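Letter by letter, the chains look like this.
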Amino acid sequence: MTFSVTQICSLLLIVGAITIIYLERKFPYRRGIPFFRDGFWTDVIGYTIIQSFLLKIVIFDYIILPIQGRMTWDLLPQISAWPIALQVLFFLVTHDFYIYWFHRWQHANKFLWRTHEAHHSNEQVDWIAGMRSHALEIIVNQTIEFLPIILLGADPAVIPIKGLIDGLWGMLIHANTRLSFGKLKYIFNGPEFHLWHHADHEEVFYANFATKFSFWDAIFGTLYETSKKPTQWGLYYEFPKNYFAQHLYALYRWSFKPKTKPLKNDQ
Ligand SMILES: [Zn+2]
Ligand SMILES: [Zn+2]
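It should be emphasised that the depicted structure is a prediction, and the values quoted were computed from it without experimental measurement.

**Student:** Mind showing me how you'd approach the coordination of the zinc ion (ligand 1) here?
**Tutor:** Six octahedral donors around a metal ideally sit at 90 or 180 degrees from one another, while four tetrahedral donors ideally sit at 109.5 degrees. Around the zinc ion (ligand 1), the protein contributes the donor atoms His103 (NE2), His107 (NE2), His116 (NE2), His120 (NE2) and His197 (NE2), at 2.1 to 2.2 Å from the metal centre. Each donor residue of the zinc ion (ligand 1) belongs to the same chain, and together they define the spacing H-x3-H-x8-H-x3-H-x76-H. The zinc ion (ligand 2) is placed at 5.9 Å from the zinc ion (ligand 1). A residue pair is termed long-range when its members are at least 10 positions apart, and His107 in helix H3 (residues 84-108) and His197 in helix H7 (residues 191-197) qualify at 90 residues. Side by side, His107 and His197 carry an identical accessibility label, which is buried.

**Student:** For this particular structure, what's the right way to read the coordination of the zinc ion (ligand 2)?
**Tutor:** The protein atoms that coordinate the zinc ion (ligand 2) are His119 (NE2), His174 (NE2), His194 (NE2) and His198 (NE2), at distances of 2.0 to 2.1 Å. Metal-centred angles of 93 to 154 degrees between the 4 donor atoms at the zinc ion (ligand 2) mark the site as irregular. Between consecutive donors of the zinc ion (ligand 2), the numbers of intervening residues give the motif H-x54-H-x19-H-x3-H.

**Student:** Quick question: what am I supposed to make of the packing of aromatic side chains here?
**Tutor:** Two aromatic rings are characterised by how far apart their centres lie and by the angle between their planes. If you walk through the whole model with that rule in mind, you get 34 aromatic pairs. Judged by centre distance (5.0 Å) and plane angle (90 degrees), the ring pair of Phe35 and Phe36 falls under edge-to-face. Given a relative accessible area of 26%, Phe35 falls into the partly exposed group. Joined through ring pairs, the aromatic side chains of Phe97, Tyr100, Trp101, Trp169, Phe181, Phe188, Phe209, Phe213, Phe215, Trp216 and Phe220 make up one cluster. Cation over ring: Lys229 sits above Tyr29, and NZ or CZ is 4.7 Å from the ring centre.

**Student:** Just to check I follow, could you spell out the nonpolar core for this structure?
**Tutor:** Most often, soluble globular proteins have nonpolar side chains that are buried together. Of all hydrophobic cores here, the largest spans 23 residues; its most connected members are Ile59, Ile64, Phe91, Ile149, Ala154 and Val158. Of all the secondary-structure elements, those providing two or more residues to this core are helix H2 (40-70), H3, helix H5 (135-151) and helix H6 (158-174). A per-element tally of this core places H5 first, with 6 residues.

**Student:** Looking at this model, I keep getting lost on unusual backbone geometry. Mind explaining?
**Tutor:** Residues apart from glycine generally show negative phi values, whereas peptide bonds are mostly found in trans. Positive phi is not limited to glycine here, since Asn208 has a value of about 55 degrees. Position of Asn208 relative to the elements: it lies in the loop between H7 and helix H8 (215-219). Residue class for Asn208 comes out buried when judged on its relative accessible area of 1%.

**Student:** Would you take a moment to explain the layout of surface pockets for this structure?
**Tutor:** The gaps left among the atoms become clear once a water-sized probe is rolled over them. By volume, the largest pocket amounts to about 1,700 Å³. For the largest pocket, the lining is made up of 47 residues, of which Met131, Gln142, Gly163, Asp166 and Gly167 are closest to its centre. Only helix H1 (5-26), H2, H3, H5 and H6 provide two or more residues apiece to the lining of the largest pocket. If you tally residues by element for the lining of the largest pocket, the top one is H6, at 10 residues. Looking at side-chain class alone, the lining of the largest pocket contains 21 nonpolar, 20 polar and 6 charged residues.

**Student:** I would appreciate a short explanation of empty space enclosed by the protein in the present structure.
**Tutor:** Under the counting rule described, the total for this entry stands at 1 cavity of 30 Å³ or more. Computed from the structure, the largest cavity encloses a volume of approximately 50 Å³. For the largest cavity, the full set of lining residues is Leu179, Ser180, Phe181, Lys185, Phe188, Gly190, Pro191, Glu192 and Phe193. Residue composition of the lining of the largest cavity, by class: 5 nonpolar, 2 polar and 2 charged.

Rules used throughout
The numbering scheme is per chain: residues are counted from 1 as the chain's sequence reads. Each chain is given a letter, starting from A, and each ligand a number, starting from 1, according to the order in which they appear as written. Per-residue local features of the predicted model are confined to residues with pLDDT of at least 70, and side-chain atom pairs are confined, for both listing and counting, to 80 or more; whole-chain, interface and lining totals are unaffected and use all residues. Note: side-chain values were computed over all heavy atoms of the structure, leaving out hydrogens and water. Listed donors are limited to N, O and S atoms within 2.8 Å of the metal, widened to 3.2 Å for Na, K and Ca; water is not among them, so incomplete-looking sites are possible. Secondary structure elements follow DSSP: runs of H or I no shorter than four residues count as helices, runs of E no shorter than two count as strands, and numbering proceeds from the N terminus. Three exposure classes are used, based on accessible area relative to the maximum for each residue type with a 1.4 Å probe and protein chains only: buried under 20%, partly exposed in between, and exposed over 50%. Think of it this way: with four donors and all angles in the 85 to 135 degree range, the site is tetrahedral; with four or six donors, opposite ones beyond 155 degrees and the rest between 65 and 115, it is square planar or octahedral; otherwise it is irregular. In summary, the pairing rule links any two rings of Phe, Tyr or Trp, Trp by its six-membered ring, whose centres are within 6.5 Å, and it sorts them by plane angle into stacked for under 30 degrees, edge-to-face for over 60 and tilted for everything else. Over a ring means this: the NZ of a Lys or the CZ of an Arg is within 6 Å of the ring centre and within 35 degrees of the ring normal. Take the buried Ala, Val, Leu, Ile, Met, Phe, Trp, Tyr and Cys residues and link them wherever side-chain atoms come within 4.5 Å; each set so joined is a nonpolar core. Residues are called lining when one of their atoms sits within 4 Å of a cavity or pocket point, these points coming from a 1 Å grid over the protein atoms alone, where a cavity is a set in which a 1.4 Å probe fits but cannot get out and a pocket is an open set with protein on both sides within 12 Å along at least five of seven lines. Grid points are joined across faces, edges and corners, and a volume is the space filled by probe spheres set on the points. Amino acids are sorted into nonpolar (Ala, Val, Leu, Ile, Met, Phe, Trp, Tyr, Cys and Pro), charged (Asp, Glu, Lys and Arg) and polar (every other residue, Gly among them).

Structure below.
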């Protein structure tokens, strides 16, 4: 019996998820966060299962495929001739560079912030919390991620391998674990920096934008590091709990209620 690359990647994703959940239970960053925390089912069923499935069809079949049919792009050397590991590395670094700047722009621009606020709305950040992303944000980011892979003629295995790395790294940086990469944390982004990005503290509203490689923050002066832990998490205003309301809220504010507790400054 032989397995396809996609099947192997799916299996590895499940093994990775179980490992990360174990690390959360064994070495928690914040104590007292239950496995079935507030919003857990919205994130698992609404965002991870249904939204991911539907957006995969939208992005690949209704955006990338029609564009691919109209374009041939052979300006760059034949990427398919490179070793697969090099192809994956190339797309990992280039997309991560893009996502650093787009993420930074989302925090700086009030309209783009509407597509990103859902991602910050969990107050109990854990392994699956990172899946909470507005559909518009996913459509933009994943089209920009996968379109070049297809247009530049990369090996078909690059897509599931990159999908696996995205999934694992996404779970890891949001994981409620005090696991650290040690000195390598300045290269590879981990929960240490990204959990702070999800804190409701003024000093990180414009810091720690990196997804996979934390050196972007170091290079472009947005790295925030402290030995302290955040005391407040999530958004500074009330946010709807329901999946559909969370999406609608980006387009229309039917109410706006700041949370009563004041922002704390870590300085
Ligand atoms: Zn953010
Ligand atoms: Zn995040």
